[in-house]
Amino acid sequence: MMTSLAKSRIRYNKSRTVLTAIAIILTTTLLMALGTSAIGLLNFNKMQAAETSNLHGSFGQLTEDQVNKLKNHADIESLEINEIFATVEHGKMNGFLTYKENVKEGITYGVGEITEGSYPKKINEICGPASFFRQLGAKADIGSKVKIDFRVQGEGVIQTREFTISGLVSERDISKLNISETRLSYGANISEELVNELLPKGDRVYNASVRVFGEHDLNYDEICQKINDVAADIGCKEINVSLNKEYLSTVTDPGMETIKIVSAIAFVIAVFSGMVIYSIYYVGIITDVQEIGKLKALGASKKHIKRLLFREGMFVSVLSVPIGLILGYLIPYFIMPVVLKKGLETSLINMDFKRPDMFSLPVLLAVAAVVLLTVYISLLKPMRMAAKISPIEAMRYQESSKEKKLRTGNISISLFRLSKANLTRNKKRTIVTMVTMALSCVLFMSVAGLLNSMRTEDIADRNMEGSDFRISLDYALDDEQYPENNLENINKNNPFSHQFLEQIKNIDGVENIRKVHQVPASSDYPSEMFAEGRKITISEFTREKADEYRKDMEKGEIKYDEMVSQNGAVFTSDVFWDDYNIKLNEDMNLTVYDGDRKIPLTVKVQASVNDGGASILMVPEGVYDSLELRNDSTTDIFIDVDKDKYDDIKSQIQEMIDSQDKFELYSRDEEISIGDMSVSMIKYPMYVILLMIAVIGFMNLINTMITSIITRKQELGMLQAIGLSDRQLTRMLAGEGMVFTAGTLLASMTLGNIFGYLIFLWGKNSHFMSVTEYHYPVWETVALAVLLIVGQMAITFFIGRRMRKESLIDRIRNGE
Amino acid sequence: MDIILETKDLCKYYGEGENLVKAVDKVNIQIQQGEFVTIVGKSGSGKSTLLHMLGALDRPTSGQVWLAGKNIEGFSEDALAKIRRRKIGFIFQAFNLVPSLNVWENVVLPIGLDGRAVDVDFVKDILKTLGLDGKARNLPNTLSGGQQQRTAIARAIAAKPSIILADEPTGNLDSKTGDEVMALLKFSAKKYGQTLVVITHDEDIAQMADRTIIIEDGKVVK
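Residues numbered from 1 in each chain as written. Chains lettered and ligands numbered in written order. Predicted model: local features only at pLDDT ≥ 70, side-chain atom pairs only at ≥ 80, totals over all residues.

Chain B has the name ABC transporter ATP-binding protein in an unreviewed UniProt entry, where Lentihominibacter hominis is given as its organism.

Going by the annotation in an unreviewed UniProt entry, the name recorded for chain A is ABC transporter permease, with Lentihominibacter hominis given as the source organism. Quoted straight from UniProt, the Subcellular location (unreviewed entry) entry for chain A says "Cell membrane". The UniProt entry for chain A carries the following text under Sequence similarities (unreviewed entry): "Belongs to the ABC-4 integral membrane protein family." (UniProt positions renumbered as here; feature names shortened; annotations may be inferred.)

Printed below as a string of structure tokens:
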């Protein structure tokens, strides 16, 4: 009985049914799409991680003895030994020659696998990617000859040798990337014979790539521990162990991090749509009070009424959930490959795209369960409310404030006052609708604040310190064979000459040039930084920069004036604080190299930050100036230009740089394009989720508007009979809708922006997608306002039109 | 006396072919300024349809309605709405008050919709005449049926229309209250010089009128 009544009520309250159905479908779609995408992304990451390389970790700086221990270690499943044998000396090319030996098979790489020919066996054979040979001006064919200048282990004299290409290996397709040569590196393999000939056995330094047993049985921490244990067994220092975290985390862990994030988003979506569904039923109950009262008068019990509403909700769900599940699976099924493919094209990963497996039965069942549960929970209160209605009260019930008898009112009444009176009559309904609407918009604005601050421009800004170009000096610190490459010697005749700077200044559109100074220094301070006489550089910072440091400070404190008087310094690599044995306020005796002069300088590290300057030690300008350097110590210049002339200036600077092989050029557009893809891959899917949330919220507004108009059909008809014109009617309804819109907008602008800023701060602190600067989401705000206003007006227009189709007479008579 | 309301061959048909219903069929009536006319007929005789067309609520299939010397045929919906709030006062069987407005606000509503200033003394006088002077701030749901219908009458009179059209104004009231309301309606229409057209099937009310039009199957028979 209740079942058939529920069915007929579903048909009778068609608009409510449709709205509830849409809300449920959207919720299901959203949750399913989220789950499906997450599964797809996880599987894709696994595929991708394996494509890059399946090695578990690598050990560096190994001796032959350690390598032999490793070969016999019981935990090693696969092992590959390689050593960087020499650096290639060819203009600005970052090239190196390596020797590789596969000891235990099993390690694969996405690139660098032989595609043609074979690995080098003879002393003058070489194999590598085609681009390596092309960079050297040779033909990339098997059997071709190539002459290479190189320095064994990056030291010693430059040697020249002619090689024969024995094989070609696969490589990344970087042709689509707009990145300077200096940002890329190229490697090629040579034979063991060559290594043996040129490098004494004792001088050889090995790296080992390993896979340990138990990839499928261990969790992430366990497998990391196992690798570190192996390293400890052979006496490899922890600092020289590098774990292939990307691969390990994807193979060992079912994506806990992803699962956490996805569950959090899913929870928010479920709570939110629950509120909308609740609000639709709640508003429905208010209008159905009389009908429910009649049912009760006819003998329906509380249980009956509850069951009636419950069945109504479940019928709609049973029809809507499958539609949502199908949509939620199909949308990512078709869209995600497109996005991922695009991502692959612009990233540095070379792999053929394969559609990841995206279907997961547990996800499907979980989504269905969550949605049904959400509908059930949101029905609880309306069910209880309906059950409580007493038949007498219900049939007399009018939608007005029950206790109020008098109303002060006004002498004259206008359209505006009429709308206001109606809204205050349904205070509860008005508030419930406004709260849900506001919630979706607040959510939108909050996340928009973060998304809008996620800008590659900011990342570029940080790298480029706000400028458009940066020209950096390519220098060495400890080159014993070619001391002319060392910074103190380059400084004797610094290429950033007055003439060079003038030339740049004279390019049309160049607005400002800023110089960075660095000077080499050594110390007997007991730290890895200065081990074996190694040098570092020190640089200067301004009072303004000190303020910036203060914001991101990790340790110590910065008092600029005190630092100037006490020779204070800022350590800019906080992550290495312990490794480098740095102590706060301890004297560090430095020797500064100014050309051939040696200047003693004692500094105290007074603060530590992450990522904050040209050098690892920064001293205040005053301290730097007190060194009274005789040579120009400029190492970088930052150039600001007129944006309209950017491209022109870039090509001119590029030309100037090409003739000077000590310069490297960094430009803003390249920095931006490096980060662009990763940002948009997060940003746009998030916006899609937000948009769908906004649509669900909108269902709620539509429902409230429809209910408020349908229930007043007769009243509105009567108003028309006594002279309310169509235009006035539309204006009145639009005015009522505007109140919702205005309230919602107000909440979004205030709460939404506050939350938005808080979320941004969280994102900044947790280094989420490199957000650093808050950008107020202007366009998002405008779009939201326009969407709300236009959408609400459209709803009013359509409902008004539908109502007018019914003749005035019928409407007035409706209640008689 | 001037003719305030006139119909010329007024017809309203519904459906077509075999299902054609002639709700109003070639009705020609004239109503004088200040007259009290009742339209009497059985349920379904077409009297309400006729009243709706007289009040510019509904458009005829053919024929014309002349209101104060003007043919309202071809007027736009908005123009008709304006005529309704200036020239005509409606009273329905269901009291049709706006529940969120108090008695006073309900009464001055048509004036407000027209953007005119409220003649406070005039409205006070009407409320006093109709015995509602103590109820101005009450909300409709606190009033009895008779009081609600008297409020509806006050609303019909307040905008100073030329004609008051009432569709079974006492239909929802008990006979004693109905008589009282009817007497008040007649009295105030006279007092403020308004033409009164009342639809009824109540013989007693018909007796009170200056003239009675009897309608049967959409045709005026007397």
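After presenting the structure, the write-up continues.
The subject of this paragraph is the overall build of chain B. Within chain B, the secondary structure is distributed over seven helices and eleven strands. Looking at the 222 residues of chain B, the share that counts as buried comes to 50%. In chain B, the share of contacts with a sequence separation of at least 24, taken over all contacts with a separation of at least 6, comes to 73%. (Helix = DSSP H or I, 4+ residues; strand = E, 2+ residues; numbered from the N terminus. Buried ≥ 20, exposed ≤ 12 C-beta atoms within 10 Å, placed from the backbone. Contact = placed C-beta atoms within 7 Å.)

Let's shift gears to the UniProt feature "transmembrane region" (unreviewed entry) in chain A. Residues and elements named next belong to chain A. Using the residue numbers shown here, the UniProt feature "transmembrane region" (unreviewed entry) corresponds to residues 261–287, 308–339, 359–380, 430–451, 686–710, 737–762 and 782–800. Counted over residues 430–451, helix gives 100% and strand 0%. Its end C-alpha atoms are 31 Å apart. The straight-line gap between the two end C-alpha atoms of residues 737–762 is 35 Å; of that span, 100% is helix and 0% is strand.

Tallying the contact residues gives 36 residues for chain B and 33 residues for chain A. With eight residues, the top contributor of residues to the side of chain B that touches chain A is helix H3 (residues 103–113) of chain B. Its residues placed into classes, the side of chain B that touches chain A shows 17 nonpolar, nine polar and ten charged. (Nonpolar A, V, L, I, M, F, W, Y, C, P; charged D, E, K, R; others polar.)

Right, let's get into the sheet that holds strand S11 (residues 219–220) of chain B. Residue and element names in this part refer to chain B. Taken together, six strands build an open sheet; the order of strands is S7-S8-S9-S4-S10-S11 and the sheet is mixed. One side of each edge strand has no neighbouring strand; the edge strands of this open sheet are strand S7 (88–91) and S11. Relative to strand S10 (residues 211–216), strand S4 (residues 36–40) is paired through four bridges, and the arrangement is parallel. Across the sheet, the residue bridging to Val40 is Ile214, located in S10. (Pairing = 2+ DSSP bridges.)

All names here are of chain B. The pairing of strand S1 (residues 3–14) with strand S5 (residues 62–67) spans five bridges and is antiparallel. Within S5, the residue paired with Lys8 across the bridge is Gln64. As defined by bridge partners, S5 adjoins strand S6 (residues 70–71) across two bridges and the pair is classed as antiparallel. Directly across from Trp66, in S6, lies its bridge partner Asn71.

The next point concerns the packing of helix H4 (residues 120–129) of chain B against helix H5 (residues 145–158) of chain B. Residues and elements named next belong to chain B. Two elements in contact, H4 and H5, have axes whose closest approach is 10 Å; the angle formed by their N-to-C orientations is 145°. Here H4 and H5 pass one another in a crossing that is right-handed. In contact with Val123, Ile126 and Leu127 of H4, H5 contributes Ala154, Ile157 and Ala158. Along the lines of polarity and charge, the residues of the contact of H4 with H5 split into six nonpolar, no polar and no charged. (Axes fitted to C-alpha atoms, helices over the stretch in contact; angles between N-to-C directions. Left-handed = near helix turned anticlockwise from the far one by under 90°.)

Residues and elements named next belong to chain A. Within the fold, Met732 resides in helix H23 (residues 726–765). Assessed through the 21 C-beta atoms surrounding it within 10 Å, Met732 is described here as buried. Counting along the chain gives 64 residues from Met732 to Thr796, while the straight-line C-alpha distance between them is 9.8 Å. Ignoring sequence-local partners within four residues, the contact set of Met732 consists of Leu415, Leu418 and Ser419.

Moving on to unusual backbone geometry. Residues other than glycine predominantly adopt negative phi, and peptide bonds predominantly adopt the trans conformation. For A:Glu628, which is not glycine, the phi torsion reads 50° and is therefore positive. If you trace the backbone, A:Glu628 turns up in the loop between helix H19 (621–626) and strand S19 (634–641). Of note in the backbone geometry, B:Asp9 takes a positive phi value of approximately 50° without being a glycine. Along the chain, B:Asp9 falls in strand S1.

Quick look at the nonpolar core now. Most often, soluble globular proteins keep nonpolar side chains buried together rather than apart. Residues and elements named next belong to chain A. Counting residues in each nonpolar core, the largest one holds 85 residues, and the members touching the most others are Ala23, Ile24 and Phe444. Secondary-structure elements contributing two or more residues to this core are helix H2 (14–52), helix H8 (256–297), helix H9 (302–346), helix H10 (361–388), helix H13 (427–453), helix H21 (668–710), H23 and helix H24 (778–805). Among the elements that take part in this core, H2 stands out by supplying 16 residues, more than any other. For this core, the domains that each give at least three residues are domain 1 (1–49 + 257–398) and domain 3 (419–467 + 661–816). Contact partners of Ile24, with chain neighbours within four places excluded, come to Ile277, Val316, Ser317, Ser320, Val321, Gly324, Val371 and Val375. (Core = buried A, V, L, I, M, F, W, Y, C linked by C-beta atoms within 7 Å. Domains from an automatic or database assignment.)

Our next topic: helix H22 (residues 713–721) of chain A. Given 3.6 residues per helical turn, the α-helix brings residues three or four places apart onto the same face. Those residues of H22(A) not exposed but buried are A:Leu716, A:Gly717, A:Met718, A:Leu719, A:Gln720 and A:Ala721. At the C-terminal side of H22(A), A:Gly723 shows a positive phi close to 120°.

Next up on the list: the packing of helix H6 (residues 220–234) of chain A against helix H7 (residues 245–252) of chain A. Residues and elements named next belong to chain A. Remark: H6 packs on H7, axes separated minimally by 9 Å, with the N-to-C direction vectors making an angle of 135°. Judged by the angle between their axes, H6 and H7 are oblique. Of the two possible hands of crossing, H6 and H7 adopt the one that is right-handed. Between H6 and H7, the contacting residues are Tyr220, Ile223 and Cys224 on the first element and Leu248, Ser249 and Thr252 on the second. When its residues are assigned to classes, the contact of H6 with H7 shows four nonpolar, two polar and no charged. (Parallel < 35°, antiparallel > 145°, perpendicular 65-115°, else oblique.)

This next bit is on helix H14 (residues 456–463) of chain A. Those residues of H14(A) lying buried are A:Asp458, A:Ile459 and A:Ala460. Positive phi appears at A:Glu465, one or two residues downstream of H14(A), with a value of about 45°.

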